[in-house]
Amino acid sequence: QVQLAESGGGLVQAGGSLRLSCAASGDVFSIRVMGWYRQAPGEQRELVGFMALGESSKYADSVRGRFSISRDNAKNTVTLQMNNLRPEDTAFYYCNAEGVLTRTANYNEVWGRGTLVTVSS
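My aim in this report is to walk through the structure given alongside it, one point at a time. (Residues numbered from 1 in each chain as written. Predicted model: local features only at pLDDT ≥ 70, side-chain atom pairs only at ≥ 80, totals over all residues. Heavy atoms only, no water.)

**A look at the overall build of the protein**
Phase 1 of the analysis: Counting secondary structure elements, the protein contains 0 helices and 11 strands.
Phase 2 of the analysis: Along the protein, helices and strands appear, N-terminal first, in the series β-β-β-β-β-β-β-β-β-β-β.
Phase 3 of the analysis: Against the compact-globule benchmark of 14 Å for 121 residues, the protein has a radius of gyration of 14 Å, which places it among compact chains.
Phase 4 of the analysis: Projected onto its principal axes, the C-alpha positions of the protein cover 45 × 25 × 20 Å.
Phase 5 of the analysis: Burial status across the protein gives 40% buried among its 121 residues.
Phase 6 of the analysis: Considering only contacts within the protein whose residues lie at least 6 apart along the sequence, 57% involve residues at least 24 apart.
Phase 7 of the analysis: One finds the centroid of the 12 positive side-chain charges in the protein at a distance of 4 Å from the centroid of its 11 negative side-chain charges. (Helix = DSSP H or I, 4+ residues; strand = E, 2+ residues; numbered from the N terminus. Rg over C-alpha atoms; globule rule 2.2 N^0.38 Å. Buried < 20%, exposed > 50% of the residue type's maximum accessible area, 1.4 Å probe, protein only. Contact = heavy atoms within 4.5 Å. Lys, Arg positive; Asp, Glu negative; His and termini not counted. Charge placed at Lys NZ, Arg CZ, Asp CG, Glu CD.)

**Brief notes about the nonpolar core**
Phase 1 of the analysis: In terms of nonpolar packing, the biggest core is built from 30 residues, with W36, F67, L80, M82 and Y93 touching the most fellow members.
Phase 2 of the analysis: Counting only elements with at least two residues in this core, the list comes to β3 (18-25), β4 (28-39), β5 (46-52), β7 (67-72), β8 (77-82), β9 (91-102) and β11 (115-120).
Phase 3 of the analysis: Of the residues forming this core, the biggest block, 5 residues, is contributed by β9. (Core = buried A, V, L, I, M, F, W, Y, C linked by side-chain atoms within 4.5 Å.)

**Looking at the state of the cysteines**
Phase 1 of the analysis: Here the structure, examined in full by the defined rule, presents 1 disulfide.
Phase 2 of the analysis: Each sulfur of the disulfide joining C22 and C95 lies 2.0 Å from the other. Torsion about the S-S bond of the C22 and C95 cystine: about -85 degrees, corresponding to left-handed handedness. One end of the pair, C22, is in strand β3; the other, C95, is in strand β9, with 73 residues separating them in the sequence. Like C22, the residue C95 is buried in the burial classification. (Disulfide = S-S within 2.5 Å.)

**Observations regarding unusual backbone geometry**
Most peptide bonds are trans, and most residues other than glycine sit at a negative phi.
Phase 1 of the analysis: Unusually for a residue other than glycine, D27 sits at a positive phi of about 60 degrees.
Phase 2 of the analysis: By the secondary structure assignment, D27 is in the loop between β3 and β4.
Phase 3 of the analysis: Residues other than glycine seldom take positive phi values, yet N84 does so here, at roughly 50 degrees.
Phase 4 of the analysis: Considering the arrangement of structural elements, one finds N84 in the loop between β8 and β9.

**Considering the sheet that holds strand β1 (residues 3-7)**
Phase 1 of the analysis: If you walk across this open sheet you meet the 4 strands as β1-β3-β8-β7, and the pairing is antiparallel. For this open sheet the edge positions go to β1 and β7, each flanked by a neighbour on one side alone. Adjacent strand axes in the sheet meet at a mean angle of 15 degrees when their direction is disregarded.
Phase 2 of the analysis: Pairing of β3 with β8, which is carried by 6 bridges, proceeds in the antiparallel orientation. Following the sheet pairing, C22 is matched in β8 by V78. (Pairing = 2+ DSSP bridges. Axes fitted to C-alpha atoms, helices over the stretch in contact; angles between N-to-C directions.)

As structure tokens, then:
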């Protein structure tokens, strides 16, 4: 079974930076898309950004220019570098993988459990 494990959340002051990491486990052969979503209290989950195999990363308008996504396809990891954080960036951040191929099964979509990012003003 494939699992995604996020790390790197925490408390940071406005204007600061945080780096989130996500690693896939479970004998993964390849992952077509890896990305990040976030959900603030009382809000719906929203896309932060993603990177598909062989393509450049894409971002929500609210984070473009401040956040950056990178992937290590050999290690099946994805990172989210968040700079110039704002209080409105406070949310649970979830790692997402689409099109996951393993040696024994295929998965359309897999989610991590989330990591909390809190930005104080």
